[in-house]
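Results of the structural survey
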Amino acid sequence: PGVLYIVATPIGNLEDMTFRAVRILKEVDLVAAEDTRHSRKLLTHFGISRPLTSYYDHNQNLKGNYLLERLQGGESVALISDAGTPCISDPGYQLVRDAVAAGITVVPVPGPSAAICALSAAGLPTDSFVFAGFLPNRSGKRREKLASLAGEQRVMVFYESPNRLLATLTDMLELFGPRETVVARELTKIYEEFIRGSLPSVISNLDGRQIKGEVVILVAPDDAPGAPPVTAVPELLRRCLEEGL
Ligand code: SAM
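Every chain's residues receive numbers from 1 upward, in the order its sequence appears when written. Where totals are concerned, whole chains, interfaces and linings use all residues; where local detail is concerned, this predicted model gives features only for residues with pLDDT of at least 70, and gives and counts side-chain atom pairs only at 80 or more.

Under an unreviewed UniProt entry, the name given to the protein is Ribosomal RNA small subunit methyltransferase I, and the organism recorded is Geomobilimonas luticola. The Sequence similarities (unreviewed entry) comment attached to the protein in UniProt states, word for word, "Belongs to the methyltransferase superfamily. RsmI family." UniProt positions are given in the numbering used here, feature names are shortened, and annotations may be inferred rather than shown by experiment.

Written as C-alpha cells, this is what we have:
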C-alpha cells in the first residue's frame, strides 16, 4: 500500500511552510484538502501542482473510503487542512484511524499548530497543559463544559472564534474566577498580539473593541484551589478592577 502523510501548513505566515512539506506535497499522487479552493492557492504559491480532492467533515465517510482504496492500490496521499496541523480541531482523525486499522503507514510531516504556537510565547507554565479545543457554541453547554474544567490543575488551551471571545471569557471569569489568562490573536500574521493579564483585565482590554481574526485562549490554573465559585460577574469584575488585579 501507499503512505498517508499528515502534512502541517502555515497558520498565517507562508514562511512557516517547511521544506519537507513542500517536497512531500510535490511527490504524492493525491492531496486531500479541507477546502480545495483555499488549498489550491497555497499549493500554487509553492509551485505544487498535484491533483487535489476534498476531505472535510461532511464527506468524511464517503471520501475516507475512496482515499483508503487509493492508498491500498499503492498510491501516496497527503492530507492537509486549511491551516495548521490536520486532525487538531480539523478533519483527519477518522482517516488516520481507518488507515492504521488497514495497515497503511501514516507519516506525520510536522509544522505549525496554533495551540503550541500560542503556548510557546504566552508566558504561562508549559511543563504540562491541556488542549481543550473548541468549546460548545451554545452558552448553556459551554458553561457546563467550563464548570467541568474548573478544577483542572494544568494550563488550558482553547480555540475560539472572535465573535464569541468576550462571551466565553465572561463565562470563564464566572466559572473559574480571576485567573491569569492570555489571548493570542492573529499568530504569525501582521497584527499578531498577545493580551496578557488576569481574566478581568483581559476582558476590560477587549471590551468595546471589535475583535477580528483568529484567537487562542490560554488559562492558568487557580493559585488558590478551593476558592468558592463566583456567581456575580459584574460585581467580581468591578472588585478585581478596583483592586488592580
Ligand atoms: N488545525 C489548526 C491548528 O493546528 O492550529 C486549527 C484549526 S481550527 C479549525 C481553527 C482555530 O485555530 C481558530 O478558530 C483559532 O482558535 C486557531 N487559530 C488558527 N490559526 C490561528 C492564528 N493564526 N492565530 C490565532 N489562532 C489561530
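Having put the structure on the table, let's press on.
**Notes on the overall build of the protein**
The way it works is that DSSP assigns letters per residue, a run of H or I at least four long becomes a helix, a run of E at least two long becomes a strand, and they are numbered from the N terminus. Counting secondary structure elements, the protein contains nine helices and ten strands. Overall, the protein is about 65 × 35 × 30 Å in size when its C-alpha atoms are taken along their principal axes. Looking at the protein residue by residue over its 245 residues, the buried ones come to 33%. Taking as baseline every contact in the protein between residues at least 6 positions apart, the subset at least 24 positions apart corresponds to 74%. Residues with at least 20 other C-beta atoms within 10 Å of their own are called buried, those with 12 or fewer are called exposed, and the rest are partly exposed. The C-beta atoms themselves are positioned from the backbone. Note on contacts: each residue gets a C-beta atom placed from the backbone, and two residues are in contact if those atoms are within 7 Å.

**With respect to the nonpolar core**
Counting residues in hydrophobic clusters, the biggest one holds 32 residues, and the most contacted among them are Ala118, Val157, Met172, Ala184, Val216, Leu218 and Val219. Those elements that provide at least two residues to this core are α5 (114-122), β7 (155-160), α7 (165-176), β8 (180-185), α8 (199-206) and β10 (215-219). Ignoring sequence-local partners within four residues, the contact set of Ala184 consists of Ala118, Ala122, Phe194, Val215, Val216 and Leu218. By convention the nonpolar core is taken to be a set of buried residues drawn from Ala, Val, Leu, Ile, Met, Phe, Trp, Tyr and Cys and joined through C-beta atoms within 7 Å. Counting residues in each nonpolar core, the second largest holds 24 residues, with Ile6, Ile24, Ala33 and Ala78 among its members.

**A closer look at the sheet that holds strand β3 (residues 52-54)**
A sheet is described by the order of its strands in space; here five strands give the open sequence β3-β2-β4-β1-β5, paired in parallel fashion. Two strands close off the open sheet at either side, each with one partner strand: β3 and β5 (105-109). Neighbour-to-neighbour, the strand axes of this sheet turn through a mean angle of 25°, independent of strand direction. Two strands are said to pair when DSSP picks up at least two bridges between them. Here strand β2 (residues 30-33) pairs with β3 via three bridges, running parallel. Looking at the pairing, Val31 lines up with Leu52 of β3. Each of β1 (3-7), β2, β3 and β4 (77-80) is contacted by helix α3 (residues 60-72), which is oriented at about 145° to β4, the strand it contacts most. Under this scheme, a helix contributes an axis fitted over its contacting stretch, all axes are lines through C-alpha atoms, and angles between N-to-C directions fall in the 0 to 180 degree range.

**Observations concerning the sheet that holds strand β9 (residues 193-198)**
The five strands lie next to each other as β6-β7-β10-β8-β9, forming an open sheet whose pairing is mixed. Each edge of the open sheet carries a strand with a single partner, namely β6 (129-134) and β9. The average angle at which neighbouring strand axes cross in this sheet is 15°, direction not considered. When β7 meets β10, the two strands line up antiparallel, connected through five bridges. In the strand pairing of β10, Val157 is matched with Leu218. Its contacts with the sheet put α8 on β8 and β9, and the angle it makes with β9 is roughly 135°.

**Details of the site of the ligand**
Being near a molecule or strand means, for a residue, that its C-beta atom, positioned from the backbone, comes within 6 Å of it. If you check the shell around the ligand, you find 23 residues, and the closest are Gly84, Ser113, Ala114, Tyr159 and Leu187. For the shell around the ligand, the elements supplying multiple residues, two or more each, are α5, β7 and β10.

**Structural notes on the environment of Thr18**
For Thr18, the location among the structural elements is in the loop between β1 and α1 (19-27). Classification of Thr18 as partly exposed rests on a count of 16 C-beta atoms within 10 Å. Separated by 157 residues in the primary sequence, Thr18 and Leu175 place their C-alpha atoms 40 Å from one another.

**Things to note about the environment of Tyr56**
With respect to the secondary-structure elements, Tyr56 resides in the loop between β3 and α3. Its 16 C-beta neighbours within 10 Å are what place Tyr56 among the partly exposed residues. A C-alpha to C-alpha distance of 9.0 Å links Tyr56 and Ala32, two positions 24 residues apart in sequence. Discounting residues that sit within four places of it in the chain, Tyr56 has contacts with Glu34 and Pro91.

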